[in-house]
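Below are the chains, spelled out letter by letter.
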Amino acid sequence: MSLSVDTSQIGTTAAHAAVAASVGHARTLGIAINVAVVDGSGTLMAFLRMNGAFLHSIDIAIDKAYTAASFGFPTSKWGGVIGDDELLRIGLNQRQRLVLFGGGLPLVENGRGIGGIGVSGGSAEQDEACAAAGLTALGLAHP
């Protein structure tokens, strides 16, 4: 008997298209962002830092993409997941690479997670709107 795992991943061309669309949306908002796309395993596929984007936001964008890909839901939804559980909030904040605020979206194609996109540099709402522009460019739904 042979066992195999069938996975779909975002490709480099699509990852770069998502980054470009996110940057384009950031320009319309008048903000400078860092944007990252990871594949389903959380491995970086594409990244761009706009001129003037915050340096600390580089890792935040990458980690937002990683978090969204690994859990399969937007990083902005963590507040609802945690609720009033203060111990959970404290514990999760200790985890490296786990981002609990908006700006990360999973990339889902035909019901399967293929990666994540993370944006950092604006407000959480602006970051998520830029990430959503990346999904739109790929023809993917915003969760």
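The rules behind these values
Residues numbered from 1 in each chain as written. Predicted model: local features only at pLDDT ≥ 70, side-chain atom pairs only at ≥ 80, totals over all residues. Heavy atoms only, no water. Salt bridge = Lys/Arg side-chain N within 4 Å of Asp/Glu carboxyl O. Helix = DSSP H or I, 4+ residues; strand = E, 2+ residues; numbered from the N terminus. Expected span 1.5 Å × (residues − 1). Buried < 20%, exposed > 50% of the residue type's maximum accessible area, 1.4 Å probe, protein only. Arc of directions from axis to C-beta. Contact = heavy atoms within 4.5 Å.

Asks: Residues and numbers for the pattern of salt bridges, please.
Replies: Using the criterion set out here, one finds 3 salt bridges in the structure. Its salt-bridge partner being Asp63, residue Arg97 comes within 3.0 Å of it at the nearest N-O pair. Taken together, the residues Arg97 in the loop between helix H4 (86-93) and strand E3 (104-109) and Asp63 in helix H2 (residues 57-71) connect sequence positions 34 residues apart. For the salt bridge of Asp127 with Lys64, the shortest nitrogen-to-oxygen distance reads 3.0 Å. Of the two residues, Asp127 is situated in helix H5 (residues 124-137) and Lys64 in helix H2; the sequence distance between them amounts to 63 residues.

Asks: So what's going on with helix H1 (residues 12-29)? Residues and values would help.
Replies: Taking 1.5 Å of rise per residue, 18 residues should cover 26 Å, and H1 covers 26 Å from first to last C-alpha, within 8% of that figure. All of the buried residues along H1 are Ala15, Ala18, Val19, Ser22, Val23 and Ala26. Looking straight down H1, one finds its buried side chains confined to an arc of 130 degrees; they lie on one side. Seen from the buried face of H1, the exposed residues on the opposite side, beyond 90 degrees, are Thr13, Arg27 and Thr28. Lining the buried residues of H1 we find strand E1 (34-39), strand E2 (44-49), strand E4 (112-120) and H5.

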